[in-house]
Amino acid sequence: MGYVDRVIDYYRQKDAQNPEFIQALEEVLDSTRLIFDRHPEYEKLGVLERLCEPERVIMFRVPWVDDNGNVRVNRGYRVQFNGAIGPYKGGLRFHPSVNLSVLKFLGFEQVFKNALTTLPIGGGKGGSDFDPKGKSEGEIMRFCQSFMSELYSHIGADVDVPAGDMGVGAREIGYLYGQYRKLSKLNTPGVLTGKGIKYGGSLVRTEATGYGLVYFVLEMLKHHGKKPEGLTTIISGSGNVAIYACEKAKQNGMKVIAMSDSKGYILDDNLDLDVVKQIKEVERGSLASYVEKCGHGEYHEGSLYDANIKCDIALPCGTQNEIDLERAKRLVSNGCWLVAEGANMPDNNEAVAYYLANKVLFAPGKAANAGGVATSALEMSQNSMRYSWSFEEVDQKLKDIMASIHQQCLNMIDEYNLEKHNYVAGANIAGMTKVVEAMVAQGII
Ligand code: NDP
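Residues numbered from 1 in each chain as written. Predicted model: local features only at pLDDT ≥ 70, side-chain atom pairs only at ≥ 80, totals over all residues. Heavy atoms only, no water.

**Topic: the site of the ligand**
Right, so step 1: Arg 93, Lys 133, Asp 165, Thr 209 and Ser 262 are the nearest of the 24 residues found near the ligand.
Right, so step 2: Within the side chain of Thr 209, one N or O atom sits 2.7 Å away from an oxygen atom of the ligand.
Right, so step 3: Bound to the protein, the ligand loses 82% of the 890 Å² it would expose on its own.
Right, so step 4: Elements represented by at least two residues in the shell around the ligand include exactly helix 9 (205-223) and helix 10 (240-251). (Near = heavy atom within 4 Å. Polar contact = N/O pair within 3.5 Å; in protein donor to acceptor, adjacent residues only side chain to side chain. Areas by Shrake-Rupley, 256 points an atom, 1.4 Å probe, with all protein chains shown as cover. Helix = DSSP H or I, 4+ residues; strand = E, 2+ residues; numbered from the N terminus.)

**A closer look at the sheet that holds strand 3 (residues 88-94)**
Right, so step 1: Across the sheet, 5 strands lie side by side as 1-2-4-3-5; this open sheet has mixed pairing. Across the chains shown, the open sheet's two edge strands, defined by having one partner strand only, are strand 1 (56-65) and strand 5 (160-163). Strand-to-strand, the axes of this sheet are offset by a mean angle of 20°, without reference to chain direction.
Right, so step 2: Sheet topology places strand 3 next to strand 4 (residues 122-128); 5 bridges connect them, and they run parallel. (Pairing = 2+ DSSP bridges. Axes fitted to C-alpha atoms, helices over the stretch in contact; angles between N-to-C directions.)

**Some thoughts on the packing of helix 6 (residues 100-116) against helix 18 (residues 423-441)**
Right, so step 1: For the pair helix 6 and helix 18, interaxial distance at closest approach is 8 Å and the crossing angle is 85°. One way to sum up the angle between helix 6 and helix 18 is to call them roughly perpendicular. Residues Val 111, Phe 112, Ala 115 and Leu 116 of helix 6 touch helix 18, and the partners they reach there are Ala 427, Ala 430, Gly 431, Met 432, Lys 434 and Val 435.
Right, so step 2: Tallied by class, residues from the contact of helix 6 with helix 18 come to 8 nonpolar, 1 polar and 1 charged. (Parallel < 35°, antiparallel > 145°, perpendicular 65-115°, else oblique. Contact = heavy atoms within 4.5 Å. Nonpolar A, V, L, I, M, F, W, Y, C, P; charged D, E, K, R; others polar.)

See the structure below:
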């Protein structure tokens, strides 16, 4: 058995209780074998074992008091996965499904994604099994304060810089930052990204992941001689990433006809994004109220991917493992020829293999959704300089970064003689090469 297979096998047994982490590890390692064929010396240096083991995992109790005076306890985490190329960087997720397996998968993916941005940031991820749904403002604030009371001693502008993810938006970042400032007595806005504009946030950060996803899609289309105008597009999710992907897709003439949430989906040839924003960003409600609010379209319970919807492009922007093999087959049989991941790992490995085998243009999340973390790194730069760039300046930098990530994938496809549509291996090889070279240069630590 070769080096890569031995390491995969070892982690399958050692971390059998971490299925999402194993899934991510298999996807990355399987597509980067060529690096280890070219560099047999990496085996002796234990490169893969060091890559697969987080540098540090912090787990802590998060006690808080609900509105009825009852004490509630959640579990908090920060996985500082790899700091070889810069401070650990990656979001915080507040969702009942959060556990160590989910955060290790997200942190592992983040390492290579951050390397692809070409910015000096390492990879990390954190969060809690706290469910923000249905909580009052006071409860959210008390939870965030308690969470930060433990986390603050592990982070810093040059150490580890968390941001938002599912369940953590500008409101939560505001409370987290306030508590950090109180406890540390430091005014270092660069310790968290996704902050409000009035206290160190960056323009475009809110839109960055969704906009960046569409910028990446535009690069793919251009490279393959296609135009975006009129392409029928379906988007799963209706949170931060999905909403701004929809906005940018529409601005570029793509026809978005469907969006979803954790309970159901809407179908509408005249999809009204303002109504979706009102429901999700203001009311924090369910898409079930969409049809009544705007007077057109349809709402159905269940997954968008269980319906037969004719489309050219699918942008999965909800959560991990939304699309399995059966759903991937359904997408392709309904005419979908381009899939770009706004979410992290929304397609399982069988779905990805099916896309590649059927020549679907497929952009993995670590390339296509890297615009969020890239703009977070731009926020850090502005905080260091104590200066703000205009919306247009940040947006242009975001476009350039997404074009550069696309180009890096193409370069690796050429260099390793891969199939022309294999962005999976292209992205993984490009990201991993950079991290491994930095690790090797720094010795065995
Ligand atoms: P949000 O919390 O803003 O939104 C998540 C959305 O996904 C909600 O609409 C939610 O529905 C929906 N959802 C949750 N579970 C499912 C499911 N099983 N099926 C369909 N939809 C579902 O999160 P974000 O938009 O920030 O994040 C979405 C994804 O993008 C995650 O994978 C995240 O890791 C990734 N990502 C986010 C970045 C960012 O900058 N925010 C950066 C890079 C990646 P409901 O409203 O009902 O809860």
